[in-house]
Amino acid sequence: MIVEGITYNKTDGTYDSEIFTAERNKDFTKAYHAKKNVQDYVFADGTAERSIERKFAEEMDLDDKVIVYAKLPRGFQIPTPVGNYAPDWAISFKRGTVKHIYFVAETKGTMESMDLRPIEQAKIKCAKKLFNDISTDDVVYEQIDSYQNLLSVMNTI
């Protein structure tokens, strides 16, 4: 019930770019050498070499519509009444010749909310509320299960 009544307001707070360098991964064996990521390597969540996040990064690198993306570090968090929430990606797309569309994406192995833990469902619901309340029309938050799903969402905007 707390989640239903949550409201967000813009503040002057910002994240320093150091959040991308604060986490120093030393094990590059499972890292993906990215082409369009803000860092040279993507350290995808999970241990599988073909994890959902790694496959997602690989597909973004191959798509001409993607200008740049970032695997958001754990230091980038949205406060919610049920705990801090850390979305997975920020992506800038090229659409036409000028306009850029920005997505904040949460990659999950499923689109079925019943398969997610209740706490995770609540955090995602709060994140959607945040982006609906304070974002411009060019910034969109979505829960997705594949890059193709994200492209489908992008094409509806």
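Described below are features of the structure shown in this document. Just so it is clear, the model here is predicted, and its values are computed rather than measured.

**Points about the packing of aromatic side chains**
Point 1. Here the structure, examined in full by the defined rule, presents three aromatic pairs.
Point 2. Look at Phe56 and Trp89: their rings are 5.3 Å apart centre to centre, the planes differ by 40 degrees, and that puts the pair in the tilted class. Here Phe56, found in helix α1 (residues 52–62), pairs with Trp89, found in strand β4 (residues 89–95); they are 33 residues apart in sequence, far enough to count as distant. As far as the burial class goes, Phe56 and Trp89 line up, both buried.
Point 3. Aromatic pair Tyr69 and Trp89: ring centres 5.9 Å apart, planes at 65 degrees, arrangement edge-to-face. One end of the pair, Tyr69, is in strand β3 (residues 66–71); the other, Trp89, is in strand β4, with 20 residues separating them in the sequence.
Point 4. Exposure remark for Tyr69: the relative accessible area of 1% places this residue in the buried category.
Point 5. Taken together, the aromatic side chains of Phe56, Tyr69, Trp89 and Tyr147 make up a single cluster linked through ring pairs.
Point 6. Its end group placed over the ring of Trp89, Lys71 keeps NZ or CZ at 5.7 Å from the ring centre.

**Regarding the pattern of salt bridges**
Close approach of charged atoms allows side chains with opposite charge to pair.
Point 1. As enumerated under the stated definition, the model contains five salt bridges in all.
Point 2. Among the salt bridges present, the one from Lys71 reaches Glu53, with a minimum N-O distance of 3.3 Å. A residue pair is termed long-range when its members are at least 10 positions apart, and Lys71 in strand β3 and Glu53 in helix α1 qualify at 18 residues. Note on accessibility: Lys71 and Glu53 belong to one class, buried.
Point 3. Between Arg54 and Glu58 there is a salt bridge, and its shortest N-O distance comes to 3.1 Å. Of this pair, Arg54 and Glu58 both sit in helix α1, four residues apart, which is roughly one turn of the helix. Per residue, the accessibility class of Arg54 equals that of Glu58, and both read buried.

What counts and how
- Residues numbered from 1 in each chain as written.
- Predicted model: local features only at pLDDT ≥ 70, side-chain atom pairs only at ≥ 80, totals over all residues.
- Heavy atoms only, no water.
- Phe/Tyr/Trp six-rings, centres within 6.5 Å; stacked < 30°, edge-to-face > 60°.
- Helix = DSSP H or I, 4+ residues; strand = E, 2+ residues; numbered from the N terminus.
- Buried < 20%, exposed > 50% of the residue type's maximum accessible area, 1.4 Å probe, protein only.
- Lys NZ or Arg CZ within 6 Å of the ring centre and 35° of its normal.
- Salt bridge = Lys/Arg side-chain N within 4 Å of Asp/Glu carboxyl O.

Purely geometric stuff here, so don't read any function into it on its own.
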